[in-house]
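Structural overview
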Amino acid sequence: MLIRFAGLGLGAASFTTIFAASSNNTNVVDPSYDASKFMAEPVTPRSTLIKDKDDMKVKMELFIMKIQAEFCRALENEEDPSKKFFVDRWTRSEGGGGVTCVIQDGKTFEKAGVNVSVVHGVLPVDAVRQMKARGKDLVGKELPFFAAGISSVIHPSNPHVPTVHFNYRYFEVTQENGEKMWWFGGGTDLTPYYLVEEDVRHFHSTLKKACDSHDRGYYQKFKKWCDDYFLVNHRNERRGVGGIFFDDFDGKSSEDCFEFVKSCAESVIPSYVPLVNKHRNDPYTSAERDWQLLRRGRYVEFNLVYDRGTKFGLYTPGARIESILMSLPVYAKWEYMHSPPDGTPEAKLTEILKNPKEWI
């Protein structure tokens, strides 16, 4: 069975640099607010970004806009020059909005999505219940919240280029008693279709270097968390070969936590893009393409059944479904009782997915 996940129907948004001074304004704008290299205008109004420049909500929004643009341009450098990201800047009536960037049906990338969302409003009962279920001591039923994050999933055309996912986010909730809770979360993980151990070691080594610059215990802790989190439980296998994953990250000051998140997000390009460049022109067979589509089916299963981000998005009023489901590939495949023959590269990968190993 071959399933095609329909296109997003995105339109290219014109870019406006909202921080440029008007002809009637001679004030010098703080260079840290220069949005000229972003993919689109930030979600939050210019006046708020300048007035509240020391607020973590503002810092996170400007940072993820920067990461989005850098990653999109790095991917465009690996794509046919005529193929650029479509940019869709959207707003949410309940509060906030986002910028979704997508390449679809490219030469290198069958689908590549890089989404920024900056939303606020009131958490519905279901979302509060979900957070309580994972240990958040929230007081109240419907609570004011703010969430800013970047999320990306890259589905390459060539089966020898792995899929990558990364997500980094900041969350604030104000409880009924006025107390504010905050935390960060995120991670980066790799899903190859054919196992090249040298590539996986490069990927993990780059993430470890980012972790070690803050705490030498982070990589091993967050690597295990990643292996455990991305378990497709009904298949008894992991989605890929892991990486790092963390949530409810608030054990140090917000500034220290933010610096760690920045290091992790900035490691995405050096950990992944060299693998794209290395394999994007590799020859492949129709059988290898079929295997890629089968593995994508498992990817879909995890995202729709287990992924926290998908669940949170679907529980949020005014959720933008196209952006939430951006992670789904254009094509995926399911075959009844499929199992790769022993001794094949496909069987080798499957064994690793069932029994994660230490890569470095």
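Higher on the page you've got the structure.
Keep in mind the model is a prediction, meaning the values are calculated, not measured.

Following the sequence through the fold, Ile154 ends up in strand E5 (residues 143-156). The exposure class of Ile154 is buried, given its relative accessible area of 0%. In the structure, Ile154 is positioned 11 residues away from His165 in sequence and 6.6 Å away in space, judged by C-alpha atoms. Not counting residues up to four positions away in its chain, the partners in contact with Ile154 are Phe71, Leu75, Phe109, Lys111, Ala112, Gly113, Thr163, Val164 and Tyr272.

Tallying each qualifying case throughout the model produces 26 aromatic pairs. An angle of 45 degrees between the planes, with centres 4.7 Å apart, marks the rings of Tyr170 and Phe184 as tilted. Here the residue Tyr170 occupies a position in strand E6 (residues 163-174), and Phe184 occupies one in strand E7 (residues 180-191), the gap between them amounting to 14 residues. Judged on exposure class, the residue Tyr170 and its partner Phe184 are both buried. Their ring planes at 5 degrees and their centres at 4.1 Å tell us that Tyr229 and Phe245 sit as a pair that is stacked. One end of the pair, Tyr229, is in helix H5 (residues 218-229); the other, Phe245, is in strand E10 (residues 242-249), with 16 residues separating them in the sequence. Across the pair, Phe245 and Tyr229 agree in class, each one buried. The cationic tip of Lys57 hangs over the ring face of Phe146; the distance from NZ or CZ to the ring centre is 5.9 Å. A cation over a ring is seen here: Arg239 above Tyr299, with NZ or CZ 4.1 Å from the ring centre.

Peptide bonds are, in most cases, trans, and in most cases residues other than glycine have a negative phi. One non-glycine residue, Asp105, lies in the positive phi region at around 60 degrees. Within the element layout of this structure, Asp105 appears in the loop between strand E3 (96-104) and strand E4 (109-123). One non-glycine residue, Met337, adopts positive backbone phi at about 55 degrees. Along the chain, Met337 falls in the loop between strand E11 (331-333) and helix H11 (345-354). By relative accessible area, Met337 is classed as exposed at 68%.

Buried within helix H9 (residues 308-315) are the following residues: Thr310, Phe312 and Gly313. Along the axis of H9, the buried residues cluster in a sector spanning 165 degrees; they form a single face. Regarding H9, its N-cap is Asp307, as a side-chain oxygen of that residue lies 3.0 Å from the backbone nitrogen of Thr310 further along.

Rules used in this analysis
Along each chain, numbering runs from 1 in the same order as the chain's sequence is written. Owing to the predicted nature of the model, reporting of local features is limited to residues with pLDDT of at least 70; listing and counting of side-chain atom pairs is limited to 80 or more, with chain, interface and lining totals taken over all residues. Hydrogen atoms and water are omitted, and side-chain values are computed over all heavy atoms in the structure. Secondary structure counts use DSSP, requiring at least four H or I residues in a row for a helix and at least two E residues in a row for a strand, with both numbered from the N terminus. Between buried and exposed lies partly exposed: a residue is buried under 20% and exposed over 50% of the maximum accessible area for its type, with that area taken using a 1.4 Å probe on protein chains only. Note on contacts: a residue pair is in contact if any heavy atoms of the two residues lie within 4.5 Å. Note on aromatic contacts: the rings of Phe and Tyr and the six-membered ring of Trp form a pair at centre separations within 6.5 Å, being stacked when their planes are under 30 degrees apart, edge-to-face when over 60 apart, and tilted otherwise. Definition used: whenever NZ (Lys) or CZ (Arg) falls within 6 Å of the ring centre and also within 35 degrees of the ring normal, the charge is taken to sit over that ring. As used here, the arc is the angular range of directions from the helix axis to the C-beta atoms. Counted as a polar contact is a pair of N or O atoms within 3.5 Å, where, for protein atoms, one must be capable of donating a hydrogen and the other of accepting one, and residues adjacent in sequence contribute only when both atoms are in side chains.

These results come straight from atomic positions and should not be treated as a statement about function.
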